[in-house]
Amino acid sequence: MPLIYVLADMEEAGTKIDKDRLAELSKELGRELETLQTRIYAIAGETFNINSPRQLGKILFENLGLKPGKKTKTGYSTGMDVLEDLARTHELPREILNYRTFYKLKTTYVDALPKLINETTGRIHTSFNQTVTATGMLSSSEPNMQNIPIRGEWGTRIREVFIADKKCVLISADYSQVELRVLAHMSNDRGLIDAFKKDIDIHTRTASELFNIPAEEITPDMRRMAKTVNFGIIYGISPFGLSEALNIPPKEAGIIIEQYFEKHKGVKDYIDNTLSAARNNGFVTTLLGRKRPVPEINSSNPNIRQQTERMAINTPIQGTAADLIKIAMINIWNGLKKQRLKTRMILQVHDELLFEVPENEIEDAKKLIKCGMENAIKLSVPLKVDIGAGKNWAEAH
DNA sequence: CCCTTCACG
DNA sequence: ACGTACGTGAAGGGT
């Protein structure tokens with residue numbers, strides 16, 4: 001439980017934010033949304049509540065006669081993957097997706113964050129919750145600082161409003177491929193261990209194995225597919241899940257999975273052993289002994305059973321990565337105290353730590369952080385940390 | 001208060 | 001024949 005002092009300090013420190021810049025972004029998003037709304041009503045031929053999946057479903061599938069891909073319990077699905085498919089045959093779904101992106105950014109982040117600025121400190125103080133998740137990860141609420149946008153132009157623009165205090169910089173340090181490294185260790189898979197020891201690009205290497213061609217000939221698209229496969233392994237892969245993610249037939253996805261396990265017998269054995277242990281014990285454990293009960297592992301309902309099997313495969317990996325960064329946080333927090341540094345840990349985002357660092361401490365802090373993270377636990381493969389500094393969160397990355 | 005959707009790792 | 005990728009939190013709609 002020594003982590004609790006670290007979390008308390010992080011919450012108390014908070015994060016500085018550029019309120020004026022947020023107000024500008026809000027205006028700009030408001031204008032974008034108005035334009036999109038006008039365009040959407042023109043295409044639809046009528047006005048409606050774009051934020052209502054029900055009303056939108058009526059427009060798309062009844063008025064315009066588009067083919068409903070999937071259904072939900074309550075009606076037509078209008079989720080991202082459905083609209084992405086429809087966008088190939090009609091211009092409305094693309095505009096809806098654009099609208100939703102901007103609406104999300106405006107309401108969930110740009111307009112919500114200023115309301116949570118503490119009047120005394122002028123900063124945002126999230127809550128880090130230690131007793132919420134089933135895997136041992138932290139969660140963050142009011143606001144959730146672990147799902148701040150990062151992708152695309154607007155992700156960058158939003159991260160730029162998280163800034164360092166006067167005479168300080170932000171330092172961001174994140175683990176590279178930590179879950180796959182944990183898998184390499186726990187499965188003792190020769191191929192994975194070899195790749196990480198040699199610091200080879202893991203997705204390119206997987207692509208090379210799956211497509212049976214040299215790494216130099218791997219295209220970005222092949223690498224993207226391999227990356228999806230690697231994530232899939234950690235999630236407890238299934239042909240259906242992979243086929244959905246890659247937009248290919250389940251049969252092909254099944255062949256790819258077989259290919260993977262053919263090249264990674266260690267991973268295959270590890271998964272089999274994890275599942276049989278789960279069936280015998282009724283729980284799974286992380287490397288450090290954290291347990292998660294999986295009472296439904298022997299359920300007679302195949303859906304529930306398979307879902308539990310995916311949990312049982314994922315939890316030891318995700319949970320070990322969570323344990324690992326928690327140890328790093330405690331070590332770094334102790335190190336900062338011992339060295340009498342004013343550097344403050346301010347955020348944890350699962351595999352990333354963010355610090356506010358006085359300019360004269362940058363070199364010392366970098367050394368301490370990188371070292372603390374890379375040596376949190378001794379694994380059979382090295383842990384790798386990427387670290388950067390900047391005046392805002394976007395620059396620090 | 002549940003459902004759907006979508007932001008992040 | 002069925003229906004899923006793992007883990008979170010927040011906003012808005014609709015009952």
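Whatever comes next refers back to the structure up there.
On a predicted model such as this, the values are computed, not experimentally measured, just so you know. (Residues numbered from 1 in each chain as written. Chains lettered and ligands numbered in written order. Predicted model: local features only at pLDDT ≥ 70, side-chain atom pairs only at ≥ 80, totals over all residues. Heavy atoms only, no water.)

Below, the discussion takes up the protein's contact with DNA strand C. Near DNA strand C lie 37 residues; those nearest to it are Ser-52, Ser-139, Glu-142, Phe-240 and Arg-310. Within the side chain of Arg-292, a nitrogen or oxygen atom sits 3.0 Å from a phosphate oxygen of DNA strand C. For the surface near DNA strand C, the secondary-structure elements that each account for two or more residues are α3 (53-63), α5 (92-110), β4 (139-141), α10 (220-235), α11 (239-246) and α14 (302-338). Tallied by class, residues from the surface near DNA strand C come to 11 nonpolar, 21 polar and five charged. (Near = heavy atom within 4 Å. Polar contact = N/O pair within 3.5 Å; in protein donor to acceptor, adjacent residues only side chain to side chain. Helix = DSSP H or I, 4+ residues; strand = E, 2+ residues; numbered from the N terminus. Nonpolar A, V, L, I, M, F, W, Y, C, P; charged D, E, K, R; others polar.)

This part covers the sheet that holds strand β11 (residues 385-390). The sheet built from four strands is open, its strands ordered β9-β10-β6-β11 with antiparallel pairing. Both edges of this open sheet fall to β9 (344-348) and β11, since each of them pairs with a single strand only. Direction aside, the axes of adjacent strands within the sheet are offset by 20° on average. The pairing of strand β6 (residues 168-175) with β11 spans six bridges and is classified as antiparallel. Looking at the pairing, Ser-172 lines up with Gly-388 of β11. Sheet strands in contact with α14 are β6, β9 and β10 (352-358), and its direction is about 15° off that of β10. (Pairing = 2+ DSSP bridges. Axes fitted to C-alpha atoms, helices over the stretch in contact; angles between N-to-C directions. Contact = heavy atoms within 4.5 Å.)

Attention now goes to the protein's contact with DNA strand B. The environment of DNA strand B is formed by 22 residues, the closest being Thr-78, Met-80, Lys-104, Arg-151 and Asp-351. Contacts to DNA strand B include Met-80, whose backbone N or O atom sits 2.8 Å from a phosphate oxygen. In terms of residue class, the surface near DNA strand B is made up of seven nonpolar, 10 polar and five charged.

Compared with the 24 Å implied by 1.5 Å per residue over 17 residues, the 24 Å span of helix α13 (residues 265-281) between its first and last C-alpha is a close match. Residues of α13 that are buried: Gly-266, Val-267, Tyr-270, Ile-271, Thr-274, Leu-275 and Ala-278. One side of α13 holds all its buried residues, which, seen down the axis, span an arc of 165°. On its buried face, α13 is in contact with α7 (178-187), α8 (190-197), α10, α12 (250-263), β7 (283-285) and α14. Positive phi shows up at Gly-282, right after α13, with a value of about 80°. (Expected span 1.5 Å × (residues − 1). Buried < 20%, exposed > 50% of the residue type's maximum accessible area, 1.4 Å probe, protein only. Arc of directions from axis to C-beta.)

Under the defined criterion, the tally for this structure stands at seven aromatic pairs. An angle of 85° between the planes, with centres 5.5 Å apart, marks the rings of Phe-162 and Trp-393 as edge-to-face. One end of the pair, Phe-162, is in strand β5 (residues 162-163); the other, Trp-393, is in helix α16 (residues 393-396), and 231 residues separate them in sequence. Comparing Phe-162 with Trp-393 shows no difference in burial state: the two are buried. A cation over a ring is seen here: Arg-157 above Trp-154, with NZ or CZ 4.3 Å from the ring centre. Above the ring of Phe-283, the side-chain terminus of Lys-291 is found at 4.5 Å from the ring centroid. (Phe/Tyr/Trp six-rings, centres within 6.5 Å; stacked < 30°, edge-to-face > 60°. Lys NZ or Arg CZ within 6 Å of the ring centre and 35° of its normal.)

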